[in-house]
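The chain contents come next:
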Amino acid sequence: MAPKRPNGAGAFPKAVEPLAPKPADPAELYAALDLGTNSCRMLIAQPKGSQFHVIDSFSKSVQLGNGLEASGRLCRTSISRTIQALRVCRKKLEKHDVKHMRLVATEACRRARNSRDFLRRVQRETGLKLEIIKPEEEARLAVISCAPLVSTKTEQLLVVDIGGGSTELVWIDLSNVPRAERPRAIMRLHTGFQNADSPFPHAKVVDWISVPLGVATLMEQFSDVEDDSARFALMSWYFEEKLADFTPYANESTREGFQIVGTSGTVTTIAASHLGLRRYDRNKVDGLRMTSEQIDRVIRDYLDLGPEGRKRDPRIGRDRQELIMSGSAILQALLRIWPTDRLSVADRGLREGLLYAQMSADGVLEEAVP
């Protein structure tokens with residue numbers, strides 16, 4: 001005989017439907033928009049503990065810097081593509097009724113002779129007011145975005161941000177900061193690279209540089225070289241020459257406490273190729289550690305594939321096959337100078353840095369517990 005069911009109605013109680021997620025309070029939302037030489041990207045997020053929760057995002061290749069090397073100006077078709085992307089961003093900001101935001105432009109707008117006219121047109125046609133930030137602020141924001149990836153064992157840190165139009169390098173000495181405080185000390189750099197008066201243990205920025213060469217601008221400079229391998233070698237050595245004025249501590253990369261954090265589409269694509277991912281997975285890529293040998297092996301594979309093979313490779317794609325080689329040339333030059341078995345891959349950058357800086361300034365982030 002079947003057991004008697006409770007409640008006398010011959011049926012178990014009906015399961016309670018889970019409550020719908022509570023919509024985010026617009027007063028708590030922050031937005032960060034990064035208009036670079038190649039891409040337009042935006043995040044909308046809500047503070048959550050010592051981190052933030054992403055509510056909405058946008059990313060589009062707009063190639064704003066196309067032809068900039070030759071003409072010194074932003075061209076009409078690139079401007080039109082970019083304004084279309086910015087209209088999408090504006091709709092997302094309106095949809096979420098975002099109150100706090102920073103909308104910035106970087107190297108292409110720093111260099112273009114017609115950038116002021118472009119920004120006025122953006123404001124007129126989209127209602128968005130973008131600001132052109134200086135290289136130091138761009139470098140600082142990239143650094144603080146990577147703070148969660150900094151090991152407590154790291155004494156010397158090199159953060160590398162390979163962009164579309166420029167590459168920022170920042171060397172940071174953490175040796176006088178207690179181990180448990182090191183990621184937090186990086187986060188405090190949102191107030192500036194000069195923080196010797198801080199009452200907290202502080203990260204010392206030994207040297208930093210913004211090289212006006214990124215994946216798009218370096219590619220354009222050597223577009224007339226037909227041979228794939230020769231073009232790659234020339235790009236790599238040319239970039240290395242531009243680092244002559246970057247003079248951090250000598251021989252620190254041989255020490256146990258040395259770490260490089262690389263943030264860019266180049267580094268994340270190389271990481272995805274190393275892992276053999278057919279579909280990109282941020283959770284597997286962000287924070288991955290790679291050796292110089294592993295990175296070099298992936299780059300050699302890219303060269304063996306050639307331009308047509310790279311176009312067919314789903315990890316690279318038709319639109320990025322040239323950009324991945326100029327980015328790889330930059331990365332290879334850096335690893336020739338500072339070989340390491342501790343390069344941390346960061347799927348984060350300027351947008352995340354903008355969010356952390358805004359939230360930290362407003363005091364809405366909790367102090368991370370070591």
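Quick note: structure is the one above.
What counts as what
Residues numbered from 1 in each chain as written. Predicted model: local features only at pLDDT ≥ 70, side-chain atom pairs only at ≥ 80, totals over all residues. Heavy atoms only, no water. Pairing = 2+ DSSP bridges. Helix = DSSP H or I, 4+ residues; strand = E, 2+ residues; numbered from the N terminus. Contact = heavy atoms within 4.5 Å. Axes fitted to C-alpha atoms, helices over the stretch in contact; angles between N-to-C directions. Buried < 20%, exposed > 50% of the residue type's maximum accessible area, 1.4 Å probe, protein only. Polar contact = N/O pair within 3.5 Å; in protein donor to acceptor, adjacent residues only side chain to side chain. Parallel < 35°, antiparallel > 145°, perpendicular 65-115°, else oblique. Nonpolar A, V, L, I, M, F, W, Y, C, P; charged D, E, K, R; others polar. Core = buried A, V, L, I, M, F, W, Y, C linked by side-chain atoms within 4.5 Å. Salt bridge = Lys/Arg side-chain N within 4 Å of Asp/Glu carboxyl O. Phe/Tyr/Trp six-rings, centres within 6.5 Å; stacked < 30°, edge-to-face > 60°. Lys NZ or Arg CZ within 6 Å of the ring centre and 35° of its normal.

**What to know about the sheet that holds strand E11 (residues 343-346)**
Backbone-to-backbone hydrogen bonds join strands into a sheet, with any given pair of strands oriented parallel or antiparallel. Spatial ordering of the open sheet is given by E8-E7-E6-E9-E11-E10, a layout of 6 strands whose pairing is mixed. In the strand order of this sheet, the two ends are held by strand E8 (204-211) and strand E10 (289-290), each with one partner. Its contacts with the sheet place helix H12 (residues 321-337) against strand E6 (156-162), strand E7 (167-173), strand E9 (258-263) and E11, and it is angled at close to 165° to E6.

**Quick notes on the side chain of Ser326**
Relative to the helices and strands, Ser326 is located in helix H12. When its relative accessible area of 0% is taken as the criterion, Ser326 is described as buried. Of the polar contacts made by the side chain of Ser326, one reaches the backbone oxygen of Val215; its length is 2.6 Å. Beyond its immediate stretch of four places on either side in the chain, Ser326 contacts Val215, Leu218, Met219 and Met235.

**Section: the packing of helix H9 (residues 265-275) against H12**
Running from amino to carboxyl end, H9 crosses H12 at an angle of 95°, the nearest separation of the two axes being 9 Å. As far as their axial angle goes, H12 and H9 are roughly perpendicular. From H9, Thr266, Val267, Thr269 and Ile270 reach across to H12, where they touch Leu323, Ile324, Gly327, Ser328 and Leu331. A per-class count over the contact of H9 with H12 returns 5 nonpolar, 4 polar and no charged.

**As for the nonpolar core**
Most often, soluble globular proteins have nonpolar side chains that are buried together. Residues Leu158, Leu169 and Trp338 are the most contacted members of the largest nonpolar core, which totals 45 residues. Considering every element that reaches this core, the biggest residue donor is H12, with 9 residues. In contact with Leu169, not counting residues within four places along its chain, are Leu158, Val159, Val160, Asp207, Trp208, Ile209, Leu243, Phe246, Leu334 and Trp338. Core analysis: the next-biggest nonpolar cluster, separate from the first, contains 37 residues, Val104, Cys146, Leu354 and Leu355 among them.

**Looking at H9**
Extensive coverage of H9 is indicated by the burial of 8 of its 11 residues. Taken as a whole, H9 has its buried residues at Thr266, Val267, Thr268, Thr269, Ile270, Ala271, Ala272 and Ser273. The N-cap residue of H9 is Ser264: its side-chain oxygen and the backbone nitrogen of Thr266 are 3.2 Å apart. Gly276 lies just past H9 and shows a positive phi near 75°.

**A closer look at the pattern of salt bridges**
In total, this model carries 24 salt bridges according to the counting rule given. Among the salt bridges present, the one from Asp97 reaches Lys99, with a minimum N-O distance of 3.2 Å. Classification of Lys99 by relative accessible area gives exposed; the value is 52%. Among the ionic pairs, Arg348 bridges to Asp286, the shortest N-O distance being 2.5 Å. Taken together, the positions of Arg348 in the loop between E11 and helix H13 (350-362) and Asp286 in the loop between helix H10 (282-285) and E10 put the pair 62 residues apart, joining distant regions of the chain. Note on accessibility: Arg348 and Asp286 belong to one class, buried. Connected through shared salt-bridge partners, Glu69, Glu107, Arg110, Arg111 and Glu138 make up one network.

**Quick look at unusual backbone geometry**
A positive phi angle, near 50°, is found at Gln63, a position not held by glycine. Secondary-structure assignment places Gln63 in the loop between strand E3 (51-61) and helix H1 (68-71). According to the relative accessible area criterion, Gln63 is partly exposed, its value standing at 27%.

**Concerning the packing of aromatic side chains**
Evaluated as defined, the whole model comprises 6 aromatic pairs. Ring geometry for Trp171 and Phe258: centres 5.3 Å apart, planes at 25°, overall stacked. Placement of Trp171 in strand E7 and of Phe258 in strand E9 is noted, with a sequence separation of 87 residues between them. When sorted by exposure, Trp171 lands in the same class as Phe258, which is buried. In textbook terms, an aromatic cluster arises when at least three aromatic residues are bridged by ring pairs, as seen for Trp171, Phe246, Phe258 and Trp338. For the cation-ring pair, Arg336 lies above Trp237, with the distance from its terminal atom to the ring centre recorded as 3.9 Å.

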